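Observations on chain architecture
Each chain, letter by letter, is given below.
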Amino acid sequence: MEAERNTGIECAKSLIDRLAAVHTLELEEYEQLISAQNSETAAYAAKKADFFRKKIYGTDVFIRGLIEVGSCCKNDCLYCGIRNSNVNAERYVLTEEQILDCCREGYALGFRTFVLQGGEGVLTVEKICRIVKEIRSGFPDCAITLSLGEYSRGDYLKMFESGADRYLLRHETADSAHYQKLHPLKMSFENRMRCLKDLKEIGFQVGCGFMVGSPMQTTAMLAKDLKFIEEFSPDMCGIGPFIPHKDTPFAKFPAGSVEQTCFLLSLIRLIKPNILLPSTTALGTIDPKGREKGILAGANVVMPNLSPVAVRKKYSLYDNKICTGDESAQCLKCLNGRLNAIGFQTVTSRGDIKR
Ligand code: SAH
């Protein structure tokens, strides 16, 4: 038994070595590697991931000011607390002035990237473009990231031409049958992929990503996620544990694990050494030291909340989300202290990908 276990670990380490050398593995090898996750293989992958991250980004951690522009949503994703059919969800939409106020506050705190995220259809394309133009002219040295879901190619083009730089659209799962289990019938894997392709072709810096431990997810599916990331080669990749929300059909499913999320963060860093990889709020929610663990596993981005405190509890994608009661300045100070304690520091910069 012991001998078998050791062979398994040695095998996994040699796959990690190869991934660090050539940044690609076969689908089956990714699956083998994900199955071989334990404290020893995870520490081994984290050390290699740390090497690449430090070589490219040093100990700098980029900050993105997350502005949750609204909780109204026309979609009905089965995992999400602000899904359309959740009658208990409190709905709000920030005004343009409120969004600009968040930017002003964030700018003074040192943020040079603003991420506008919200439920789908919460803002019309016209309104999105107007706000992007205002942020672009008011804060010319800042990057603007949108995370507002699926639109037509023409609409994405309008957003880009208004001055948005980046777009985050998690692919959620690279397995089309699994995608369908997580989403209502009117959403499709094909359209998600179409969106990602359009965004890239238009010229956005694009982020994809997925939830770790989402209902019905298997190791084989996670292997597909890694292969997809390898092939799509996004500039950013958001991964975090699935966390159940009490008013969704997935309320009774268990949350994803910190360990698996961190292991996957390390592997993604090895697949694409210069990728911008956030240590997510969801990771900080399932473990009080989750965000630090994510950074130590190879992440180099954090996304503190810049939304007005009055609406934060209403943007409830999952239960027990952290930082919903603190002022933005307080959040940043707390995060800085946490990062300093592990040898990292936040920086005031747009934090573009280093090519
Ligand atoms: N409407 C936008 C933003 C969605 S919220 C869009 O479609 O892109 C951003 C991300 O939060 C989602 O992509 C999803 O991966 C994540 N999320 C939603 N519900 C979650 C849950 N219950 N647990 C963990 N992450 C969740």
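Overview of the structure.

Points about the side chain of Asn305
Here Asn305 shows up in the loop between strand E8 (301-302) and helix H13 (309-312). Accessibility expressed as a relative area gives 7% for Asn305, which makes it buried. Here the side chain of Asn305 touches Glu68 through a polar contact of 3.2 Å, side chain to side chain. With sequence-adjacent residues up to four places away left out, Asn305 is seen in contact with Leu66, Glu68, Arg312, Lys321 and Ser328.

Notes on the packing of aromatic side chains
The tally for this structure, following the rule as stated, stands at 12 aromatic pairs. Ring geometry for Tyr167 against Phe204: centres 5.8 Å apart, planes inclined by 75°, an arrangement best described as edge-to-face. Note that Tyr167 is positioned in strand E5 (residues 166-168) and Phe204 in the loop between helix H8 (189-202) and strand E6 (205-212), a separation of 37 residues in sequence. Overall, the relative accessible area of 0% leaves Tyr167 in the buried class.

Looking at the side chain of Thr248
Note on placement: Thr248 falls in the loop between strand E7 (236-241) and helix H10 (258-271). Setting aside chain neighbours within four positions, we find Thr248 in contact with Leu78, Tyr79, Cys80, Gly81 and Arg83.

So, the nonpolar core
Counting 96 residues, the largest nonpolar core has Ile67, Phe114, Leu146, Tyr156 and Tyr167 as the members making the most contacts within it. When residues in this core are grouped by element, the largest group, 9 residues, is from H10. By size, the runner-up hydrophobic cluster in this structure holds 10 residues, among which are Val115, Leu168, Met236 and Leu276.

Structural notes on the pairing of E7
Extensive coverage of E7 is indicated by the burial of 6 of its 6 residues. Residues Met236, Gly238 and Gly240 of E7 are buried on one face, and the alternating residues Cys237, Ile239 and Pro241, pointing to the opposite face, are buried as well. In the sheet, E6 pairs with E7 via 6 bridges, with the strands oriented parallel. When the bridges of E7 are listed, Met211 appears paired with Gly240. Crossover E6 to E7 through helix H9 (residues 219-232) is right-handed.

Side note on unusual backbone geometry
Residue Met216 is not a glycine yet carries a positive backbone phi of 70°. The class of Met216 is partly exposed, set by a relative accessible area of 36%. Even without being glycine, Asn320 reaches a positive phi, approximately 60°. Of note, Asn320 is situated in the loop between H13 and helix H14 (328-341).

Points about the sheet that holds strand E4 (residues 143-147)
Here we have 6 strands laid out as an open sheet, ordered E2-E3-E4-E5-E6-E7, and parallel in their pairing. Here the strands that pair on one side only, and so sit at the sheet edges, are strand E2 (65-70) and E7. Across the sheet, the mean angle from the axis of one strand to that of its neighbour is 20°, orientation sign disregarded. As paired elements, E5 and E6 share 3 bridges and run parallel to each other. If you follow Leu168 over to E6, its bridge partner there is Gly207. H8 rests against E5 and E6 of the sheet, and its axis sits at about 150° to E6.

Topic: the sheet that holds strand E9 (residues 345-347)
Taking strand neighbours across the sheet as the criterion, the 3 strands line up as E8-E1-E9 in an open arrangement whose pairing is parallel. Sheet topology places E8 and E9 at the edges, where each strand pairs with a single neighbour. Pairing of strand E1 (residues 60-63) with E9, which is carried by 3 bridges, proceeds in the parallel orientation. From the neighbouring strand, Asp60 faces E9, where its bridge partner is Gln345.

Focus: the pairing of E1
Where E1 lies against E8, 2 bridges are found, and the strand directions are parallel. Looking at E8, one finds that Phe62 is bridged to Val301.

Rules behind the numbers
- Residues numbered from 1 in each chain as written.
- Predicted model: local features only at pLDDT ≥ 70, side-chain atom pairs only at ≥ 80, totals over all residues.
- Heavy atoms only, no water.
- Helix = DSSP H or I, 4+ residues; strand = E, 2+ residues; numbered from the N terminus.
- Buried < 20%, exposed > 50% of the residue type's maximum accessible area, 1.4 Å probe, protein only.
- Polar contact = N/O pair within 3.5 Å; in protein donor to acceptor, adjacent residues only side chain to side chain.
- Contact = heavy atoms within 4.5 Å.
- Phe/Tyr/Trp six-rings, centres within 6.5 Å; stacked < 30°, edge-to-face > 60°.
- Core = buried A, V, L, I, M, F, W, Y, C linked by side-chain atoms within 4.5 Å.
- Pairing = 2+ DSSP bridges.
- Right-handed = clockwise from strand over helix to strand, strands pointing away.
- Axes fitted to C-alpha atoms, helices over the stretch in contact; angles between N-to-C directions.

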